[in-house]
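Spelled out, the chains give:
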Amino acid sequence: MHDLETLVIGAGAVGLAIARALALTGREVMVLEQHGLIGSETSARNSEVIHAGIYYPAGSLKARLCVKGKTQLYRFCAENGVGFERIGKLIVASNNDQLEQLEAIRRKAAENGVSDLVFVDRDSLKHSEPDLACTGALQSPSTGIVDSHGFMLALQGGLEANGGQVVLNTRVARLERLAQGGYRVHAETDGTDTYALTCKELILSAGHGAPQLASALEGANPPAAYLAKGSYFKLQGKAPFSRLIYPVPEPGGLGVHLTLDLQHQARFGPDVEWVETMDYRVDPARGERFYAAIRRYWPDLADGALVPDYSGIRPKISGPGEPAADFRIDGPADHGLEGLIALYGIESPGLTSAMAIADFVAEMIATES
């Protein structure tokens with residue numbers, strides 16, 4: 001016998017969504033979280049954008065789970081009183097060459113099941129977004145914004161309403177596979193008190209910590225882990241646009257884009273800075289390189305209008321100069337360890353995809369049971 005049926009490590013959006021989905025199936029579920037607040041790392045330090053699923057390779061987990069998860073997220077937020085707005089996004093071309101790229105983006109989106117992109121010409125944009133400088137744009141009406149913490153609180157509420165629980169301030173120090181089946185999880189509270197729990201099923205949704213924790217389990221074969229920091233800068237004053245503004249993607253990223261929060265405060269970012277340690281301080285000097293990029297689509301941006309806001313660190317499993325990795329969700333069919341599901345590289349669009357990822361994991365477990 002085990003202490004618990006199912007243990008989830010990590011109370012970010014994805015971990016909470018998985019725990020809730022499993023509790024809905026009647027499982028006894030506990031979530032362990034090292035911080036004193038749910039969603040304190042990747043889930044709380046992003047742009048809070050509900051992504052449409054436009055850019056990801058066709059057939060990838062990111063494409064499939066983002067498109068499905070987007071629909072689930074909108075429905076869940078509406079049904080549970082979570083703040084959101086289907087605000088829309090413009091992908092803008094700065095010159096005629098980029099207009100051809102917009103058509104390629106539309107074709108890729110259609111391959112992913114995103115068929116609602118609409119081309120908007122420059123004259124039309126002069127009326128709807130008079131401050132925007134571009135030769136044309138793709139409008140994505142299914143892109144939105146969400147209160148990420150409200151979403152996670154609602155997931156936690158759904159978990160607890162179905163008999164599950166979240167235990168905070170509990171750091172998992174080590175994992176151990178049991179000879180008779182299942183796992184022993186060694187945990188610490190306040191850095192001094194230690195205890196161990198055994199479980200039949202272990203879901204490793206620990207973000208940055210997942211590869212290191214899995215490395216203790218022979219055969220788990222976790223990927224290498226990298227840290228990619230992204231800094232955001234807030235606009236002082238009123239937002240110039242009513243929708244999210246993204247330039248045509250550039251090699252290595254989506255460019256410096258403008259997002260809005262639910263109060264329509266504008267911020268720009270994130271950039272990409274490969275780092276070795278978890279340091280969320282924003283270097284004000286990084287904002288200087290934002291100005292030229294932003295002025296390609298908003299030439300009236302005033303000097304000194306940007307101030308440091310916050311940063312996030314993506315849990316990458318591909319390094320500098322390597323192609324972006326897909327989500328990696330390893331089950332027994334991948335590593336041969338019964339009862340273990342390990343999630344790696346759950347960065348953007350992880351928030352959008354959270355409920356679809358939860359269904360994916362629940363199906364994996366049901367298949368193995």
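Presented here is an overview of the structure given in this document. Bear in mind the structure is a predicted one, so any value in this text is a computation, not a measurement.

Parameters at a glance
Residues numbered from 1 in each chain as written. Predicted model: local features only at pLDDT ≥ 70, side-chain atom pairs only at ≥ 80, totals over all residues. Heavy atoms only, no water. Helix = DSSP H or I, 4+ residues; strand = E, 2+ residues; numbered from the N terminus. Rg over C-alpha atoms; globule rule 2.2 N^0.38 Å. Buried < 20%, exposed > 50% of the residue type's maximum accessible area, 1.4 Å probe, protein only. Contact = heavy atoms within 4.5 Å. Pairing = 2+ DSSP bridges. Phe/Tyr/Trp six-rings, centres within 6.5 Å; stacked < 30°, edge-to-face > 60°. Lys NZ or Arg CZ within 6 Å of the ring centre and 35° of its normal. Expected span 1.5 Å × (residues − 1). Bend = angle between axes of the 7 residues up to and from the residue. Axes fitted to C-alpha atoms, helices over the stretch in contact; angles between N-to-C directions. Parallel < 35°, antiparallel > 145°, perpendicular 65-115°, else oblique. Nonpolar A, V, L, I, M, F, W, Y, C, P; charged D, E, K, R; others polar. Left-handed = near helix turned anticlockwise from the far one by under 90°. Salt bridge = Lys/Arg side-chain N within 4 Å of Asp/Glu carboxyl O.

1. Observations regarding the overall build of the protein chain
Reasoning step 1: The helix and strand inventory of the protein chain stands at 9 helices and 20 strands.
Reasoning step 2: The globule rule puts the C-alpha radius of gyration for 369 residues at 21 Å, and the 21 Å found for the protein chain is close to it.
Reasoning step 3: Dimensions of the protein chain along its principal axes, counting C-alpha atoms only, are 70 × 40 × 40 Å.
Reasoning step 4: Out of the 369 residues in the protein chain, the part that is buried amounts to 56%.
Reasoning step 5: Long-range contacts, defined as pairs at least 24 residues apart, comprise 72% of the intrachain contacts of the protein chain with a sequence gap of at least 6.

2. Comments concerning the pairing of strand β13 (residues 226-235)
Reasoning step 1: The element β13 is largely enclosed, with a buried count of 8 among its 10 residues.
Reasoning step 2: Of the pairings in the sheet, the one linking β13 to strand β18 (residues 306-316) comprises 10 bridges and is antiparallel in character. Within β18, the position partnered with K229 by the bridge is I313.
Reasoning step 3: In terms of strand pairing, β13 meets strand β16 (residues 266-268) through 2 bridges, oriented antiparallel. Counted as the bridge partner of K234 is R267 from β16.

3. A few points about the packing of aromatic side chains
Reasoning step 1: Per the counting criterion, the structure on display carries 7 aromatic pairs.
Reasoning step 2: Each ring, one from F241 and one from W298, has its centre 6.0 Å from the other, and the planes form 70 degrees; the classification is edge-to-face. Within this pair, whereas F241 is found in the loop between β13 and β14 (244-247), its partner W298 is found in the loop between α7 (288-295) and β18, the two being separated by 57 residues in sequence.
Reasoning step 3: For F241, a relative accessible area of 4% gives the class buried.
Reasoning step 4: Measuring from centroid to centroid gives 6.3 Å for F268 and W298, while their planes differ by 10 degrees, and the two rings are stacked. Placement of the pair is F268 in strand β16 and W298 in the loop between α7 and β18, with a sequence separation of 30 residues.
Reasoning step 5: Three or more aromatic residues joined by ring pairs make a cluster, and in this case those are F241, F268 and W298.
Reasoning step 6: The ring of Y280 carries the charged tip of R45 above its face, separated from the ring centre by 3.8 Å.
Reasoning step 7: One Lys or Arg, R86, reaches over the ring of Y74 and ends 3.8 Å from the middle of that ring.

4. Things to note about helix α2 (residues 61-80)
Reasoning step 1: For α2, with 20 residues, the first-to-last C-alpha span of 26 Å sits near the 28 Å given by 1.5 Å per residue.
Reasoning step 2: Of all bends in α2, the biggest is about 25 degrees, found at G69.
Reasoning step 3: Just downstream of α2 lies G81, where phi reads positive at about 70 degrees.

5. Re the side chain of T170
Reasoning step 1: Residue placement: T170 occurs in strand β10 (residues 170-177).
Reasoning step 2: Residues contacting T170, with those up to four places away along its chain left out, are L32, E33, Q34, A187, E188, T189 and Y195.

6. Details of the sheet that holds strand β3 (residues 49-50)
Reasoning step 1: Pairing is antiparallel in the open sheet, where 3 strands are placed in the order β3-β8-β4. The sheet is open, and its two borders are formed by β3 and β4 (84-85), each paired with just one other strand.
Reasoning step 2: Where β4 and strand β8 (residues 144-146) come together, 2 bridges link them in antiparallel fashion. By the bridge assignment for β8, E85 is matched with I145.

7. A few points about the packing of α2 against helix α9 (residues 350-368)
Reasoning step 1: Where α2 meets α9, the closest approach of the two axes is 6 Å, and the angle between their N-to-C directions is 100 degrees. Between α2 and α9, the interaxial angle falls into the category roughly perpendicular. Note on element contacts: α9 touches α2 through L351, T352, S353, M355, A356, I357, D359 and F360, opposite L61, R64, L65, C66, K68, G69, K70, Q72, L73 and F76.
Reasoning step 2: Among the residues forming the contact of α2 with α9, the class breakdown is 10 nonpolar, 4 polar and 4 charged.

8. What to know about the packing of helix α1 (residues 13-24) against α9
Reasoning step 1: At a minimum axis distance of 8 Å, the contact between α1 and α9 shows a crossing angle of 40 degrees. Classified by the angle between their axes, α1 and α9 sit oblique to one another. Between α1 and α9 lies a crossing whose hand is right-handed. Here A13, V14, A17, I18, R20, A21 and L22 of α1 come into contact with α9, specifically with G350, L351, A354, M355, I357, A358, V361, A362 and I365.
Reasoning step 2: When the residues that make up the contact of α1 with α9 are grouped by side-chain class, the tally is 14 nonpolar, 1 polar and 1 charged.

9. Considering the environment of I105
Reasoning step 1: Along the polypeptide, I105 turns up in helix α3 (residues 96-111).
Reasoning step 2: The residues touching I105, leaving out its near neighbours within four places in the chain, are I54, Y55, I91, L138 and P249.

10. What to know about the pattern of salt bridges
Reasoning step 1: Taken as a whole and judged by the stated rule, the model has 15 salt bridges.
Reasoning step 2: Taking the shortest distance from any N to any O, the salt bridge between D279 and R281 comes out at 2.6 Å.
Reasoning step 3: D279 gets classed as partly exposed once you look at its relative accessible area, which sits at 25%.
Reasoning step 4: Note on R281: relative accessible area 64%, which makes it exposed.
Reasoning step 5: Here K316 and E347 are joined by a salt bridge, their closest N and O atoms 3.2 Å apart. Of the two residues, K316 is situated in strand β18 and E347 in the loop between β20 (340-344) and α9; the sequence distance between them amounts to 31 residues. Each member of the pair, K316 as well as E347, is classed as buried.
Reasoning step 6: Here the salt bridges do not stand alone but share partners, grouping K62, K316 and E347 into one network.

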